Amino acid sequence: QIFLKWDSPPQTVLFVTKPNSNSVHALCSEMVRWLKEHNNINIFVEPRVSKELLIEDSYFNFIQTWDNDEEMKTLHTKVDLIVTLGGDGTVLWAASLFKGPVPPVVAFSLGSLGFMTPFPSEQYRECLGNVLKRPFAITLRSRLQCHVIRDAAKDEVETGEPILVLNEVTIDRGMSSYLTYLECYCDSSFVTCVQGDGLIISTTSGSTAYSLAAGGSMVHPQVPGILFTPICPHSLSFRPLILPEYVTLRVQVPFNSRGQAWASFDGKGRIQLGPGDALICSVSPWPLPTACLVDSTTDFLRSIHEGLHWNLRKSQALDGPG
């Protein structure tokens, strides 16, 4: 189990909230007031939230935000702790704001499913008090860094910044009626050709998301690995794989493919891949540290019991055959 102990008390907290929710907005307002008045914490919020709070009350003049992408890139140097108010989607959004190191995340559950949001919002004073003042358990959630290599580029240098994902990258057939046809390599070794609806390359944190729905295994988030899960493969023997975390995966659309493929990253940023284009995926050196309510394993088991009702069944009758 990994514990985080502050070298010095945290000074600045970033709030990331689910949009278009009156209950989330009200809780955010209450928590910001409490942190400022009782702990003298500096507060960062997203530009959208800053506008909402200032319209509500000029009291919130002390909150800080950012104005452009360049300022957002330096957030990790200004923020000690992230508080998310929402569901797992809010945690995914918070992670996407950081392309390098990420401050620890305290995720409060105000969504429908909460695999990564163990903290009850009703007890925020106690929860934040513990996190701010004493060591706490964290889960280091690995992220994937992805590069799209265009056939025309011929050089990885020309492909821009990596795209980071916390759950999964999905390559599918989009609107095409043809099966996807993808060549897959692990480091320099050929893995297989994917013929089907597509392929999911997932982190272990993402193992309870799309990968699970496609038949992949549930994996503890601190197991070091990459999940390789086909989507409706046109082969009964194509079973999902779990690969070691140190490998680099290359998924390429061959030149003889009948159709295009589409890649999406944590459900966003859809990119078309044509013949000759490739997607390169490896584990990022910058994981997402999320605070645990109890510890990493207890929180994981609670999430699959409560979120998925895992292995829930009636107990065997006691008066069976003797």
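Residues numbered from 1 in each chain as written. Predicted model: local features only at pLDDT ≥ 70, side-chain atom pairs only at ≥ 80, totals over all residues. Heavy atoms only, no water.

Caption draft 1: Seen up close, the overall build of the chain. On a plain count of helices and strands, the chain comes out with seven helices and 19 strands. Rg of the C-alpha trace for the chain: 22 Å, near the compact-globule value of 20 Å for 322 residues, within the 12% margin. Its C-alpha atoms give the chain principal-axis dimensions of roughly 70 × 65 × 35 Å. The burial tally for the chain puts 48% of its 322 residues in the buried class. Excluding contacts between residues fewer than 6 apart, the proportion of contacts in the chain whose partners are at least 24 apart in sequence is 67%. Within the structure as shown, the chain displays about 16,100 Å² of accessible surface, and the carbon and sulfur contribution to it stands at 53%. (Helix = DSSP H or I, 4+ residues; strand = E, 2+ residues; numbered from the N terminus. Rg over C-alpha atoms; globule rule 2.2 N^0.38 Å. Buried < 20%, exposed > 50% of the residue type's maximum accessible area, 1.4 Å probe, protein only. Contact = heavy atoms within 4.5 Å. Areas by Shrake-Rupley, 256 points an atom, 1.4 Å probe, with all protein chains shown as cover.)

Caption draft 2: Structural detail: the packing of aromatic side chains. Following the criterion strictly, the structure yields eight aromatic pairs and no others. Ring centres of Trp6 and Phe136 lie 6.1 Å apart, and the angle between their planes is 50 degrees; on these two criteria the pair is classed as tilted. A residue pair is termed long-range when its members are at least 10 positions apart, and Trp6 in the loop between strand 1 (2-4) and strand 2 (12-17) and Phe136 in strand 7 (residues 136-141) qualify at 130 residues. Pairing Tyr185 with Phe190 gives two aromatic rings, centres 5.6 Å apart and planes at 65 degrees, and the pair type is edge-to-face. For Tyr185, a relative accessible area of 26% puts it in the partly exposed group. Cluster of aromatic residues (ring-pair linked, three or more members): Tyr59, Phe60 and Phe62. The ring of Tyr59 carries the charged tip of Arg33 above its face, separated from the ring centre by 4.4 Å. (Phe/Tyr/Trp six-rings, centres within 6.5 Å; stacked < 30°, edge-to-face > 60°. Lys NZ or Arg CZ within 6 Å of the ring centre and 35° of its normal.)

Caption draft 3: Looking closely at the packing of helix 1 (residues 22-39) against helix 2 (residues 47-56). As a packed pair, helix 1 and helix 2 sit with axes 11 Å apart at the nearest point and diverge in direction by 75 degrees. In terms of axis orientation, helix 1 runs roughly perpendicular to helix 2. Where helix 1 abuts helix 2, its residues His25, Cys28 and Ser29 lie against Val49, Glu52, Leu53 and Glu56. Within the contact of helix 1 with helix 2, the residues separate by chemical class into three nonpolar, two polar and two charged. (Axes fitted to C-alpha atoms, helices over the stretch in contact; angles between N-to-C directions. Parallel < 35°, antiparallel > 145°, perpendicular 65-115°, else oblique. Nonpolar A, V, L, I, M, F, W, Y, C, P; charged D, E, K, R; others polar.)

Caption draft 4: Focus on the pairing of strand 3 (residues 42-45). The pairing of strand 2 with strand 3 spans four bridges and is parallel. By the bridge assignment, Phe15 is partnered in strand 3 with Val45. Between the parallel elements strand 2 and strand 3, the chain passes through helix 1 in a crossover that is right-handed. (Pairing = 2+ DSSP bridges. Right-handed = clockwise from strand over helix to strand, strands pointing away.)

Caption draft 5: Structural view of helix 2. All of the buried residues along helix 2 are Val49, Ser50 and Leu53. Down the axis, helix 2 shows its buried residues gathered within 105 degrees of arc, on one side only. Opposite the buried face of helix 2, at more than 90 degrees from it, the exposed residues are Lys51 and Ile55. (Arc of directions from axis to C-beta.)

Caption draft 6: Representation of the nonpolar core within the structure. Ranked by size, the top nonpolar core spans 31 residues in total, and within it Phe15, Met31, Leu35, Ile43, Leu85, Phe108 and Leu128 carry the most contacts. Every element with two or more residues in this core is listed here: strand 2, helix 1, strand 3, helix 2, strand 4 (81-86), strand 5 (105-109), helix 5 (124-133) and strand 7. Of the residues forming this core, the biggest block, seven residues, is contributed by helix 1. Aside from chain neighbours lying at most four places away, what touches Met31 is Phe15, Val83, Leu85, Phe108, Tyr124 and Leu128. Within the second largest apolar cluster, 27 residues are counted, among which are Ile171, Val194, Phe238 and Ala263. (Core = buried A, V, L, I, M, F, W, Y, C linked by side-chain atoms within 4.5 Å.)

Caption draft 7: Focus on the side chain of Asp172. Assignment of secondary structure puts Asp172 in strand 10 (residues 168-172). You can call Asp172 buried: its relative accessible area is 16%. One polar contact links Asp172 to Arg270, side chain to side chain, over a distance of 2.7 Å. If sequence neighbours within four positions are ignored, Asp172 has contacts with Thr180, Asp197, Gly198, Ala261, Trp262 and Arg270. (Polar contact = N/O pair within 3.5 Å; in protein donor to acceptor, adjacent residues only side chain to side chain.)

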